[in-house]
Amino acid sequence: MSLLTVNDIHTYYGNIHALKGISLHVNEGEIVTLIGGNGAGKTTTLNTISGITPATEGQVTLAEQDITTMAPHNIVRAGVVQSPEGRKVFTRLTVRENLEMGAFTRTDGGIERDLEDVFKRFPRLKERENQLSGTMSGGEQQMLAMGRALMAKPRILLLDEPSMGLAPLLVKQVFEAIEYLNRQNGTTILLVEQNARMALEVANRGYVLQSGRITHDGPAKELQNDKAIIEAYLGG
Amino acid sequence: MQETTDSGPSGSKSRPKRALSFLRVQNAYAFIGLVLIVIFAWVFFVIEIEPQFYLQEGERARYAWDTFISQFIIGLAQGSIYALIALGYTLVYGILFMINFAHGEVFMAGAYIGFFAINAAEQSGFLESQTALAILLTMGVAVMGSVIVAILLERIAYRPLRGAPRLVPLITAIGASITLQQLFLRLFGSSPRTYPRISLFVGQGMWGCEPVDGTTVCEGIDLISKSYDVLIFNQEVRIRPFFFVILFVSLLLMSALWFFIQRTKTGKAMRAVAEDKDTASLMGINVDRTIVITFMLGAALAGAGAVLFALYNRQVTPFMGFIPGIKAFTAAVLGGIGNVPGAMFGGLFLGVAESVFPSALGLPNQLKDVVAFGLLIVFMIFRPTGIFGEVLSEKKA
Amino acid sequence: MRKMILLICVLALATVGIAPLAAQDDMMGPSVMLAPGEDLVIGFGAALTGEGLAPFGIDIRRGVELALEDRPTVTVDDVEFNVALDVQDSMCSPEGGQTVANRFVSDDSIVGVIGLMCSSAAEAAAPIFDEAGFSTISASATAASLTTSDFTSFNRTVPTDAAQGLAAADIIVNVLGATNVAFIDDGSAYGTGLVDVIIDAYEELGGTVAIRDAVTVGDTDFRALLEDISATDPDLIYFAGFNAEGARLIEQRFDVGLEDVPFMGADGIYGSELVDLAGDFAEGVYATRPIPASSDELDAFAERYIETFGEEPPSAFNTNSYDATNLMLDAIEAVGYIDDQGDLVIERETLSEFIRSASFDGLTGVIECDGTGECSSADIGFYQITDGAFVQQELEMMEE
Ligand SMILES: Nc1ncnc2c1ncn2[C@@H]1O[C@H](COP(=O)(O)OP(=O)(O)OP(=O)(O)O)[C@@H](O)[C@H]1O
Ligand SMILES: [Mg+2]
């Protein structure tokens, strides 16, 4: 049963035609990965779903609801949360406040418990709880961004390169967290990754994006074995 | 927001001169302390040491401690009002990187609307019977008036221009400022309106009773209008308790604002929006709404400040927002625009400087505006980031 | 160095030598021509907006309006022309004066100007009017310098501050017995000019200036300034400026312990507006102003004013502007002539000459222009606010 459906969307930056008709869907409970080279349009796809760069053509639907032209904060309320690329933590808020911002739209009573969960998963964040996040290292900020995403508890989480710039050990931790979210919380995930190998490892299905178009799609296992993809994205 | 002082090596790359190098002290609170010490040392020199060299026997120096103390307190009162207005500039700048030059008129609107409220209260006798309550209600009405003007301003003048080059909303702000002045001029005329003179007595019996016409009257002290001769540091000075009321109420309001920004969810959302609007919206924060709230907060402080100002100086005109407006803007820049404690300290500092410096430097009081804007220039050269050190230029729009 | 001086001499000679030649070029001088049936337009400039000033400006305009009600037309050689008024807000600043002056001189059809209201505006406007050969008659610009700066365009039907200043200095020393006076002005041409005149006379009479300082127009908190004043132990505070700032100063004296020191001002604070603004605090405040002549005619005029505009005049300037308007219209009727084409011609230079030597019985007394632009010579009256209104004071002794 498809939770998020993207149907033939076109997105422009001024004259630049960044997305040239992209269609994809993510089923309830799935991890779907979106891979592609630099400038392929991965971030733009996520931003179009989130309403930051709305599509000029095509539709985005969440369950039965058309969210194509909704304002970003309403899309979040509808259940689609994005953790943007390049950390984008609020540097002038403390670590704890950043995590609280992750749970901004939540009204359930589980926020405190989830905070403790995040701190357990990333003990470094606990140590820095009341420190301004801008004073933390890049990797720590990336952890915080992941923690903030964990706090959101959305129906579908869009992750844009969550492992970028992390040491191998931490990359592993991030992917563990992704799997945990999916298995334990049942969160549906659309994952954008440069690290295609790891991404296809955890994903059920994948899409390959090139110059604003989908060139391949299929179950993760199949893509992992596709020669063209191995050459282009999995480093031979 | 105050912690930003220790981030960034502001100003260390290009230091034009070694003179006035104390102006570069990184920590804001150390800086404030240093400036105070320098001022006090200078005043001490002028009052205690310098006269010994030129004063004739039995002659009294023009400038003495009583003048200094009085002017310092007067400056604090004036500075409190600057600070309340300056916060409006700084909040909006912090979130939109835009200088809301119509903020002085938001202040003026509050004073006018408060005037009608307090006038009605006076006519109905309510002011006489329930003075404290009537003043609080006046403040409430003035705050609402300012807030409504600010909401309209944001909605009509600024929101459609969000994302336009920075100069565009600036010009619009100046236009909005003139429009508001002219609107109030046309509506209410150019003759000044005066707030009633109000007495609010507290502490009856604490200061002794006096027999008047056969009965004993225990007046207490009038918090608003009367002034009293008191001894401060052994100097007889004339004090109007309202000086301290202004200071106290302003500090209270500023603490409330600080609490709101630091502790409440909306306050945190404001800070998140100030830093990165797109990411904030990805958290589900309604950016437009948060911006409106920011305008409302600034306006509420200006409205409350307007009533304090009008109870203090009594005179209300359509142009009254202009001078406090530019002074408060100066204060916001001195404090470090975009920075909340900066606006607070900047306002108090400017008020005191304006009041104390001309006499302490042996200049005519006429030059107080020169002193104020001169300070601005000194800061622009030696500490362009203001007291609390946010860099003005390297802001993402 | 020698070369420099030489150069300056040559330049000076050149300008002196060329100026008459240039003037000769244009023997006729500028003039106004009106075809029959056209309106004769007179300019009017006063501060019609601004704190505490607009009531004065409006009052002055009303005086002009009443004069035009009496004389809606001028008649030259039996041809009648309607008089129209071009009203401009010249504010109370040099910029305002320049703007309005430039506007009027660029319009050939403006015959003359009633105004400008404030000395600062008039002073900045005068050179512009001079250049264009215009004649202006002000009902309220009183700065002494206006008639001592060789302006050719400036005339007034209100006594100069020189007179008011001399009288005020005399009153300060000989009536109020003050010899350590704090002087404050508002930085305007009127305020500084008046204080300059008073201080000269006052020091001559043996007084010492305790302190001289100024306020910024539009400011409201003068307590720090009053603290400075308080430190000098003055026996009188003199303020040359207008109501808004005057009222604040009067009131804020009480916040710094100067409430027992008498406060005195001039015609800038004379009027009911001051009492409206300062309330009870204004009780006991002194002011001087030119005494409006008292006559039955004047009483009738005051009644007519109240009937027409529904309120007491906020100042006496309406009588001065009434006279100014009549002076202007008299002059136009006297010097205007109808040329061969049947057009009305008014040469600006003859108009100016006529005004500068005119003399007639006006509402404010005898109007007699002395050739420098000074047309009024009313006596100066001394007033004190008693029970919420200015009351004229008897002067026991004045001239010794
Ligand atoms: N704000 C913008 N203005 C103009 N062009 C843009 C903008 N953002 C992205 N683009 C262009 O759109 C195309 C897609 O960019 P996008 O950021 O979606 O790529 P990406 O797949 O996320 O790349 P990467 O792996 O480097 O993050 C690129 O050609 C890029 O130059
Ligand atoms: Mg990207």
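Rules and cut-offs
- Residues numbered from 1 in each chain as written.
- Chains lettered and ligands numbered in written order.
- Predicted model: local features only at pLDDT ≥ 70, side-chain atom pairs only at ≥ 80, totals over all residues.
- Heavy atoms only, no water.
- Helix = DSSP H or I, 4+ residues; strand = E, 2+ residues; numbered from the N terminus.
- Contact = heavy atoms within 4.5 Å.
- Areas by Shrake-Rupley, 256 points an atom, 1.4 Å probe, with all protein chains shown as cover.
- Domains from an automatic or database assignment.
- Buried area = accessible area lost by both parts, 1.4 Å probe.
- Salt bridge = Lys/Arg side-chain N within 4 Å of Asp/Glu carboxyl O.
- Nonpolar A, V, L, I, M, F, W, Y, C, P; charged D, E, K, R; others polar.
- Polar contact = N/O pair within 3.5 Å; in protein donor to acceptor, adjacent residues only side chain to side chain.
- Disulfide = S-S within 2.5 Å.
- Buried < 20%, exposed > 50% of the residue type's maximum accessible area, 1.4 Å probe, protein only.
- Donors = N, O, S within 2.8 Å, 3.2 Å for Na, K, Ca; no water.
- Near = heavy atom within 4 Å.
- Pairing = 2+ DSSP bridges.
- Right-handed = clockwise from strand over helix to strand, strands pointing away.

## Brief notes about the overall build of chain B
- If you tally the helices and strands in chain B, you get 14 helices and eight strands.
- Residue pairs in contact within chain B that sit at least 24 positions apart in sequence constitute 70% of those at least 6 positions apart.
- Entry remark: accessible area of chain B is about 17000 Å², with carbon and sulfur atoms responsible for 65%.

## Notes on the domain arrangement of chain C
Residues and elements named next belong to chain C.
- For chain C, the assigned domains are domain 1 (4-160 + 297-378) and domain 2 (162-291 + 381-392).
- Averaged C-alpha coordinates put domain 1 and domain 2 at centres separated by 30 Å.
- At the junction of the two partners, domain 1 supplies 18 residues and domain 2 supplies 19 residues.
- Each partner contributes to the roughly 1400 Å² buried at the junction of domain 1 and domain 2, and carbon and sulfur atoms together form 64% of this total.
- At the boundary of domain 1 and domain 2, one finds zero salt bridges.
- Among the elements of the structure, α2 (54-70) and α4 (119-131) are those that each provide at least two residues to the side of domain 1 that touches domain 2.
- Take the side of domain 1 that touches domain 2: its biggest share by element is three residues, from α4.
- Here the residues of the side of domain 1 that touches domain 2 are counted per class, giving 11 nonpolar, five polar and two charged.

## Digging into the interface of chain A and chain B
- Taken together, the contact pairs 24 residues of chain A with 22 residues of chain B.
- For the chain A and chain B pair, buried surface summed over both sides reaches about 2100 Å², with 62% attributable to carbon and sulfur atoms.
- It is F90, R92 and F104 of chain A in chain A that bury the most area against chain B; as a group they hold 34% of the surface buried on that side.
- Counting across the chain A and chain B interface gives two salt bridges.
- For the salt bridge of E97 of chain A with R271 of chain B, the shortest nitrogen-to-oxygen distance reads 2.9 Å.
- Linking chain A with chain B are seven residue pairs in polar contact (both at pLDDT 80 or more).
- Grouping the constituent residues of the side of chain A that touches chain B by class yields 11 nonpolar, six polar and seven charged.

## Some thoughts on the state of the cysteines
Residue and element names in this part refer to chain C.
- Scanning the model with the defined rule gives two disulfides over all chains in all.
- Residue C92 pairs covalently with C118 via a disulfide, S to S 2.0 Å. Note on the C92 and C118 pair: the S-S dihedral is about -95°, so by sign convention the disulfide is left-handed. Pair noted here: C92 is in the loop between β4 (79-89) and α3 (94-105) and C118 is in the loop between β5 (110-114) and α4, with a separation of 26 residues, a long-range link.
- Across the disulfide, C369 is cross-linked to C375 (sulfur-sulfur distance 2.0 Å). With the S-S bond torsion at 110°, the cross-link from C369 to C375 turns out right-handed.
- You can call C369 buried: its relative accessible area is 8%.
- On the accessibility criterion, C375 (1% relative accessible area) is buried.

## Re the coordination of the magnesium ion (ligand 2)
- Around the magnesium ion (ligand 2), the protein supplies T43 of chain A (OG1), E85 of chain A (OE) and E85 of chain A (OE) as donor atoms, at distances of 1.9 to 2.8 Å. Highlighted residues: T43 of chain A in helix α1 (residues 42-50) and E85 of chain A in the loop between β6 (80-83) and α3 (95-102), separated in sequence by 42 residues.

## Focus: the site of ligand 1
Residue and element names in this part refer to chain A.
- Neighbouring ligand 1 are 14 residues, the closest being N38, K42, T43, T44 and Q194.
- Note that an oxygen atom of ligand 1 is positioned 2.9 Å from one of the backbone N or O atoms of G41.
- Between ligand 1 and the protein, one listed contact pairs an oxygen atom with a side-chain N or O atom of T44 at 2.5 Å.
- Isolated, ligand 1 exposes 630 Å² of accessible area, and the fraction of that covered by the protein chains is 62%.
- Elements supplying a minimum of two residues to the shell around ligand 1: β2 (16-27) and α1.

## Quick word on the pairing of strand β9 (residues 208-214) of chain C
Residues and elements named next belong to chain C.
- Note that strand β8 (residues 180-185) and β9 share six bridges and pair parallel. From the neighbouring strand, A182 faces β9, where its bridge partner is I211.
- For the crossover from β8 across helix α6 (residues 189-204) to β9, the handedness is right-handed.

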